[in-house]
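Survey of secondary and tertiary structure
Next come the chains, spelled out residue by residue.
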Amino acid sequence: MGREVRTTCAYCGVGCGIRALVGGERTVTIRGDADHPANLGRLCSKGTHLGETVGLEGRLLHPMIGELQASWDEALDLVAQRMSACIAEHGPQSVAFYVSGQLLTEDYYVANKLMKGFIGSGNIDTNSRLCMASAVAAHNRAFGEDVVPCTYEDLDVADLILLVGSNTAWCHPVIWQRIEAARAKRGTRLVVIDPRRTETAEQADLHVQLAPDGDVALFNALLAEMRDRGLLDRQFLQARCDVPDDLLAELDAHAHGIDPGAFAALADLIAARPRMVTLFSQGANQSRSGTDKGNAIINLHLATGRINRAGAGPFSITGQPNAMGGREVGGLANTLACHLGFSPEERAQVADFWDAPNLCTGPGLKAVDLFRAVHSGQVRFLWVMATNPAVSMPDAGFVREALARCETLVVSDVIADTDTARLAHVRLPALAWGEKDGTVTNSERRISRQRALFAPPGEARADWAILCDVAARMGWGEAFQFASAAKIFREYAAMTALSRRHGKALDLTSLAQLSDADYADLEPFQWGGSKPLAARFSHADGKARIVPIAAPAVTPSNAGFALRLNTGRYRDQWHTMTRTGLSATLSQHRPEALLEIHPGDAARHGLVDGALARVGTAAGSAVFRVAICAGQRPGDLFVPMHWTDVMAGEARANRLALSEVDPVSGQPAFKDTPANVAPVRPKWRAFLICRVAPDLPDLTYWSRSRVEGGWLCELAGDEDLEPEAILPAGLRLEAADLVRGMRRIAVLDPEGRLEAALYITRTGELPRRDWAAQQLTRAEASGPELLAGRPAFPALDRGPITCVCLGVGANEITAAACAGAVTIDAIGATTKAGTNCGSCRPAIAKLLEAALAINLEAAE
Ligand SMILES: Nc1nc2c(c(=O)[nH]1)N[C@H]1C(S)=C(S)[C@@H](COP(=O)(O)OP(=O)(O)OC[C@H]3O[C@@H](n4cnc5c(=O)[nH]c(N)nc54)[C@H](O)[C@@H]3O)O[C@H]1N2
Ligand SMILES: Nc1nc2c(c(=O)[nH]1)N[C@H]1C(S)=C(S)[C@@H](COP(=O)(O)OP(=O)(O)OC[C@H]3O[C@@H](n4cnc5c(=O)[nH]c(N)nc54)[C@H](O)[C@@H]3O)O[C@H]1N2
Ligand code: SF4
Ligand SMILES: [Mo]
């Protein structure tokens, strides 16, 4: 019997509560917490399989200076001394922190206090710049404060939900399940506005497949249409909003830029259903017009009075588990602390509260500018915490150059080998999920505890504790004498008295006196309540602003590039794969990075499904496996953001994305880069299954993914492959067919277990990967079967695994559908698919639709 700990999921901003049953030796069974208001017991595939990522494989367990293990004293002395020397010689603007929405609020608070109050520079920015900055800026412009005016309960009682640039079924699956429940229960209509036909869009009542960045035009036109239909809330506008003269009169209902039929259908839905929530995420934020998109959405809600009411409001959903907590404490370079800015009065109050000797004089550099400053040598000391900018920043080639040039690069991470850590001078081992202890705030402003399940491994320490020790070494020990996370939390909560004094909604002062025991037991707490802006907006006059916005040109200049590249996420991978990439279960959904392309474009560019292609942009080029996909808009490409140099040869999306940003928020436009594409036709293709992944030579293409008991590596090249270079020692079996350029080698250990198998071909077919990978789990491998590449007695081909929780393949689902299971629930009853976390239910729905279509044709 284990011990049960209530904690919060490590991944997305839904912030699901978890009941973790902790066993011995770092094992844990994960269940959803039915008492947590964010998820009411539900979890998605990533949360469900967290237990597979808590092992110590790949962990950074000791401080490292270069390649040498160091003591904490040596490492911290060096960090403090380098930082102090840099400040003494080049001033406080020569140092910077680049942090993350995956830090706890307590870590974030300490990092911000150290940089802005004591070092005296505004140069702390966060990966939320890549993620939420446009929504933050839109909130600030409209409401006078970065406040999300909705809660998840609004989704339960809405009559209409618009999803703008959000693949909710994959990226916020538990919110998705909540939307599905509302649709089933009250007939809530769902509209998806996305240039791609995602699994989310496939399930919608209406999919508006607009051109990239067509959102501002669309929402402006919808506002005009509501005006023409007499549906503006004149009373609310008069009493609660500040509206520029003539703004509403001047908008044009015809300039919507989409199919007129779709526009009419959308306008009818909106007109008929005032209980409307507009959920938006990266398709809105990560754009040259990201802030304007946020305000165009908010304008429609304000002008129709669809805010501050049950089931109505603009709802920006956060990506990372603590993106919101970071925004609260002030982790963005352009906020000071606790929703406060840099006016003389605010600065004086913050300086006083912190007793800060060197309060910064103004905002610091935003992420893209920060890395430019590192590149130019203006910033000489950079400390990266809980983020992997060598992968996730746009124009990452430039960013890598910057990191490589930086005089001192310190990286705090939980993993030893990340693309960023490879460039670090000092690596500091941080506590990971399951070890760290503190608070996070989710998309609906709900603060939840993350609690430790395991003792710290090796010498890993809490991010806040590392920061405090460095601060002490720089002479600021007294202000950073935090003995516990609880103490930091109390100080932060007390500090929000300042935001309250400035008329802000952020107010945690009721938690400022929590005892250690109360902090330990803290139940999820939502600041601002369900309608934080009901009484007043946070601008000085208490009114909201309707912000005038001009639609951008929908087609940016893209001379020399025929296509436009969009990037985003997969259902079962998390960002740079440092944790989800370790899970064999999660890796089944998409083992490789795919280039999704419309059939017409594929034909035009000579691309074949399953072959390789090179995508080129002004920033660089990368190679992906081609997936022809009718859901792509003609002219648009899509690749995932996840793959790194650790996981693949050159399948990194951010070799391609440019560092163009939204002019207001500084957020990069990751979703739209002019691009070209060309086929890659290697001389040979191969795959390798192996217990231990080898270092691979330079190849045209390689990519690896976790399978049970080892790795599956896809390979392709033009130069002859030397098997010796990548195969381990052991008993070798080999077969070759020189005519077809086929070669197969299996390596067994003395007990007859499979160590590795390599299958190479020039012209022919390769065996089934899933079967080959399974041979790693057999106590004794069969040489003849391995060389044949198939079992002596063929088993059913289950098809690609659709339900990763219960291991059900697409062919099994299709077979069940053809046998009469025509609903998702019936499929669940016969195959069990979709009955655990439910993340695969949209995929099952799609298979069902296809199977039923075939059945119908057969019947006709
Ligand atoms: N599985 C998984 N879940 C995650 C994450 C993860 O890595 N994996 N990361 C988390 C994080 S940090 C974040 S920020 C969220 C992101 O969650 P989402 O925002 O849902 O994810 P993305 O796939 O980045 O982008 C969403 C959609 O925007 C669309 N889009 C592109 N251009 C436009 C446009 O011009 N207009 C409109 N309307 N749409 C457009 C894309 O086609 C894409 O389908 O997910 C969180 N959840
Ligand atoms: N092309 C393209 N690029 C994108 C995006 C896109 O849609 N398209 N999306 C952007 C967005 S929205 C985001 S949020 C970013 C995400 O990008 P990143 O933040 O770079 O991605 P992660 O892989 O989550 O990196 C987190 C790192 O922190 C480590 N870590 C985990 N927990 C802890 C901890 O407690 N302490 C410490 N010190 N380290 C820890 C992990 O091992 C990992 O190395 O990517 C951005 N980049
Ligand atoms: S939706 Fe999934 S990834 Fe997000 S918090 Fe919940 S369980 Fe975790
Ligand atoms: Mo994000």
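Residues numbered from 1 in each chain as written. Chains lettered and ligands numbered in written order. Predicted model: local features only at pLDDT ≥ 70, side-chain atom pairs only at ≥ 80, totals over all residues. Heavy atoms only, no water.

1. What about the packing of aromatic side chains?
- Applying the stated rule across the entire model yields 14 aromatic pairs.
- Where Trp170 meets Tyr570, the ring centres are 6.3 Å apart and the plane angle is 85 degrees; that geometry is what we call edge-to-face. In this pair, Trp170 is assigned in helix 6 (residues 168-171) and Tyr570 in the loop between strand 21 (563-568) and helix 23 (584-587), connecting sequence segments 400 residues apart. The same class applies to Trp170 as to Tyr570, namely buried. (Phe/Tyr/Trp six-rings, centres within 6.5 Å; stacked < 30°, edge-to-face > 60°. Helix = DSSP H or I, 4+ residues; strand = E, 2+ residues; numbered from the N terminus. Buried < 20%, exposed > 50% of the residue type's maximum accessible area, 1.4 Å probe, protein only.)

2. Observations regarding the pairing of strand 25 (residues 636-640)
- With five of its five residues buried, strand 25 lies for the most part within the structure.
- Residues Asp636, Phe638 and Pro640 line one face of strand 25 and the alternating positions Leu637 and Val639 line the opposite face, and both faces are buried.
- When strand 21 meets strand 25, the two strands line up parallel, connected through five bridges. Note that in strand 25 the partner of Gly568 across the bridge is Pro640.
- Taken together, the two bridges between strand 22 (residues 594-597) and strand 25 define a ladder with antiparallel strand orientation. Its bridge partner being in strand 25, Ile597 is matched across the sheet by Leu637. (Pairing = 2+ DSSP bridges.)

3. Side note on the side chain of Asn566
- Mapping Asn566 onto the fold places it in strand 21.
- Its relative accessible area of 11% is what places Asn566 among the buried residues.
- Leave out the neighbours within four places in its chain, and Asn566 touches Arg196, Leu637, Phe638, Val639 and Lys671. (Contact = heavy atoms within 4.5 Å.)

4. As for the domain arrangement of the protein
- Along its sequence, the protein is carved into domain 1 (3-53), domain 2 (64-130 + 322-490), domain 3 (133-316), domain 4 (563-680), domain 5 (684-788) and domain 6 (801-859).
- Taken over C-alpha atoms, the centre of domain 5 sits 32 Å from the centre of domain 6. (Domains from an automatic or database assignment.)

5. Focus: the site of ligand 1
- Of all residues adjacent to ligand 1, which total 35 residues, the nearest are Asp194, Asp213, Asp215, Arg569 and Gln573.
- Within the backbone of Ile193, an N or O atom sits 3.0 Å from a nitrogen atom of ligand 1.
- Here ligand 1 has 910 Å² of accessible area as a free molecule, and 99% of this is covered by the chains.
- When atom positions are compared with the pocket grids, ligand 1 is found to occupy the second largest cavity.
- The set of elements that each furnish at least two residues to the shell around ligand 1 consists of helix 6, helix 13 (282-285) and strand 21.
- Shared between two domains, the shell around ligand 1 holds at least three residues of each, these being domain 3 (133-316) and domain 4 (563-680). (Near = heavy atom within 4 Å. Polar contact = N/O pair within 3.5 Å; in protein donor to acceptor, adjacent residues only side chain to side chain. Areas by Shrake-Rupley, 256 points an atom, 1.4 Å probe, with all protein chains shown as cover. 1 Å grid on protein atoms, 1.4 Å probe; cavity = no way out; pocket = protein on both sides within 12 Å on 5 of 7 lines; lining within 4 Å. Sits in = over half its atoms within 2 Å of the grid points.)

6. Here we look at the site of ligand 3
- Close contacts around ligand 3 come from Cys9, Tyr11, Cys12, Val14, Gly15, Cys16, Leu43, Cys44, Lys46, Gly47, Pro173 and Val174, and that covers them all.
- Its residues assigned to classes, the shell around ligand 3 comprises nine nonpolar, two polar and one charged. (Nonpolar A, V, L, I, M, F, W, Y, C, P; charged D, E, K, R; others polar.)

7. Some remarks on the pairing of strand 6 (residues 95-99)
- When you tally the buried positions in strand 6, you get five out of five residues, the bulk of the element.
- Because side chains alternate across strand 6, one face comprises the buried residues Val95, Phe97 and Val99, and the other comprises Ala96 and Tyr98, equally buried.
- Taken together, strand 6, helix 3 (residues 105-119) and strand 7 (residues 124-126) constitute a β-α-β crossover, and its handedness is right-handed. (Right-handed = clockwise from strand over helix to strand, strands pointing away.)

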